[in-house]
Amino acid sequence: MTKAIPGDSGSPLVDTATLVDRAFTQAEYAINITDREGKLIKVNKAYIELYKFRSEADVLGKTQRVIRSPHTPDSVYKDMWSTIFRGETWRGNLTNLAQDGSEVFVNLTITPVRENGEIIGFMGFSLDRAQQVLLERELFHANKLVVLATMGAGLAHELNNPLASILLDAEYLKDIFAEPGKAIEWETAASAATSVIQGVERMKKVLEHLLMYSRKEGGQKFSTLTMAQLIEDSFLFLERQLRSRNITIDVEVDGEIFLSGNRTQLESVVHNLLSNSRDAFEGHKGDKRIQIRARKEQPGLVTLEFSDNAGGIPATILDRIFEPFFTTKKEREGTGLGLAISQKIIAEHGGTIEVESKDGSTTFRIMLPALEAPSPDEDMMED
Ligand SMILES: Nc1ncnc2c1ncn2[C@@H]1O[C@H](COP(=O)(O)OP(=O)(O)OP(=O)(O)O)[C@@H](O)[C@H]1O
Ligand SMILES: [Mg+2]
């Protein structure tokens, strides 16, 4: 029997079930329905096309794992499953894999489906973010160029200082070897040679970082990082600038903290925060202090805090500082992208960043998923 669909014409073209089925199949959003275990029960045309399956039969019966990408950290999936099993809706941006191995960037919403109050399955809506991701990558690259430009001044110092001391040590070594028969103070000579090696190693590190940072595909790649190393490396280009302005830095990292992340991106977050504090200290009299604290508040979660006593951020602009292009700096000094991009990077790592400013001090608090132990399948050294 054909049921009537309310409408102007009064003459139904199809029955309700057919209409519902066609609407599901033809929806713009990629829709998938899974059972409680995540096994795919039904998908629509947009889903098949988005993930480049051949047909619906190609998908059904498989689990959601068939579209899982190694670029999405485990913590995101854990968070997703625990949220939907609690009966709540999960929303977030994800990188998945299509059947031809290409990456698919989606904004995903998953809602539990219930029967008599009990969860019987899940329904996912994916919105393709390909265009947006392209724009965001360009924006991230543009910000890297800005950071690189500000690094320029620091870079000259970073290379000049070790070079000057290498030259002095090398000249000293040349002098003592230039006179055959001259008594050599071996200890002093050895320490000069060691200092040449250390100077060269430092310059090598600075250059490696610069190269890594300026590579356009600085990578979307995640690797296992330690918090202490991340902070130390982020200082490379700023340490001297901060020191020459008499800014004291206290770093306190509780124990060994491992996290999965993109080294270049996370370093740029730390760099942005430190350079914001550096700028805030401009014209500041008295004690200048930046405190960095990293600790694990609870298993699987690390808190990283940056505090400075540079005068604070006026309450009138506090809720605007994460907006793209919001800056209080002169045109040539700030783009206003630093915090907007930092927030995006942290979100892509499954974390949050917030600010608090009172009594002349500002604290940025970053919360990130932490690994319990270094994951064996990831390379610690590689970006
Ligand atoms: N530690 C801080 N103390 C005082 N003000 C701050 C601090 N951090 C950020 N701000 C304020 O937030 C604004 C936005 O910061 P954001 O890093 O996004 O951009 P920017 O530093 O102005 O430019 P860019 O990062 O591109 O150099 C700054 O212009 C400044 O007014
Ligand atoms: Mg900034």
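> I tried to follow the site of ligand 1 on my own but got confused; where do I start?
Inspection of the region around ligand 1 gives 21 residues, with A280, T327, G334, G338 and L339 positioned closest. Mapped onto the shell around ligand 1, the elements with two or more residues apiece are α8 (263–280) and α10 (338–348). For the shell around ligand 1, the leading source of residues is α8, giving 4 residues. Each residue belonging to the shell around ligand 1 can be placed in one class, and the counts come to 9 nonpolar, 10 polar and 2 charged.

> Would you take a moment to explain unusual backbone geometry for this structure?
Excluding glycine, a negative phi dihedral is what most residues carry, and trans is how most peptide bonds are arranged. One non-glycine residue, K52, lies in the positive phi region at around 55 degrees. A positive phi angle, close to 60 degrees, is found at N246, a residue other than glycine. With respect to the secondary-structure elements, N246 resides in the loop between α7 (239–244) and β7 (248–253). N246 sits in the exposed class, given 10 other C-beta atoms within 10 Å.

> I tried to follow the packing of α8 against α10 on my own but got confused; where do I start?
Angle between the axes and distance between the axes: these two values describe a pair of packed helices. Contact geometry for α8 and α10: axes closest at 9 Å, N-to-C directions at 145 degrees. Crossing angle aside, the handedness with which α8 passes α10 is left-handed. Residues Q265, L266, V269, N272 and N276 of α8 lie in contact with α10, whose contacting residues are G338, L339, S342, I345 and I346. Looking at the contact of α8 with α10, its residues break down into 5 nonpolar, 5 polar and no charged.

> Would you take a moment to explain the pairing of strand β4 (residues 103–115) for this structure?
Residues in a regular strand point their side chains to alternate faces of the sheet. Where strand β3 (residues 90–97) and β4 come together, 8 bridges link them in antiparallel fashion. Along β4, the bridge assignment pairs N93 with N107. Relative to strand β5 (residues 118–128), β4 is paired through 10 bridges, and the arrangement is antiparallel. Paired with I110 across the two strands is G124, which belongs to β5. Adjacent in sequence and paired antiparallel, β4 and β5 are bridged by 2 residues, among which N116 carries a positive phi angle near 50 degrees.

> Can you help me understand the sheet that holds β3 in this one?
Backbone hydrogen bonds are what pair the strands of a sheet, in a parallel or an antiparallel way. One open sheet holds the 5 strands; their spatial order is β2-β1-β5-β4-β3, and the pairing between them is antiparallel. Strands at the two margins of the open sheet, each flanked by one partner only, are β2 (40–43) and β3. Ignoring strand direction, the axes of neighbouring strands in this sheet form an average angle of 30 degrees.

> In this structure, what is going on with α8? I would like to understand it.
Given 3.6 residues per turn, any residue in an α-helix points the same way as the ones three and four places further on. Relative to the 26 Å expected for 18 residues at 1.5 Å per residue, α8 spans 26 Å between its end C-alpha atoms, a close match to the ideal helical length. Among the 18 residues of α8, 15 are classified as buried, and the element is accordingly described as predominantly covered.

> I keep staring at the confidence of the model for the protein and nothing clicks. Help me out?
Parts of the model with low pLDDT should not have their predicted coordinates read in detail. Chain-level pLDDT for the protein is 85 on average; 89% of the residues reach the 70-or-more range. Confidence drops under a pLDDT of 50 for residues 377–383, and excluding neighbours within four residues, the segment shows 14 contacts in the predicted structure.

> Is there a simple way to explain helix α3 (residues 74–85) in this structure?
An ideal rise of 1.5 Å per residue puts 16 Å on 12 residues; α3 measures up with 17 Å between its terminal C-alpha atoms. A positive backbone phi angle near 95 degrees is found at G87, which sits one or two residues after α3.

> What should I look at first to understand the sheet that holds strand β12 (residues 361–369) in this one?
Spatially, 5 strands are ordered β7-β9-β10-β12-β11 in an open sheet, and the strand pairing comes out mixed. A strand with exactly one partner marks an edge of an open sheet, and here the two such strands are β7 and β11 (352–358). Sheet twist, expressed as the mean angle between neighbouring strand axes with direction ignored, is 15 degrees. Inspection of the sheet shows β7 paired to strand β9 (residues 289–298) by 6 bridges, in the parallel sense. By the bridge assignment for β9, I249 is matched with I290. The strands that α8 touches are β9, β10 (301–308) and β12; relative to β10, the one it contacts most, it runs at about 20 degrees.

> What is the right way to read the pairing of β11 from this model?
By the bridge criterion, 7 bridges tie β11 to β12 in an arrangement that is antiparallel. Across the sheet, S357 pairs through a bridge with T362, a residue of β12. With antiparallel pairing between neighbouring strands as the criterion, β11 and β12 make up a hairpin whose turn holds 2 residues, including D359 at a positive phi of roughly 50 degrees.

Criteria and thresholds
- Residues numbered from 1 in each chain as written.
- Chains lettered and ligands numbered in written order.
- Predicted model: local features only at pLDDT ≥ 70, side-chain atom pairs only at ≥ 80, totals over all residues.
- Near = placed C-beta within 6 Å.
- Helix = DSSP H or I, 4+ residues; strand = E, 2+ residues; numbered from the N terminus.
- Nonpolar A, V, L, I, M, F, W, Y, C, P; charged D, E, K, R; others polar.
- Buried ≥ 20, exposed ≤ 12 C-beta atoms within 10 Å, placed from the backbone.
- Axes fitted to C-alpha atoms, helices over the stretch in contact; angles between N-to-C directions.
- Left-handed = near helix turned anticlockwise from the far one by under 90°.
- Contact = placed C-beta atoms within 7 Å.
- Pairing = 2+ DSSP bridges.
- Expected span 1.5 Å × (residues − 1).
- pLDDT = per-residue confidence, 0-100.

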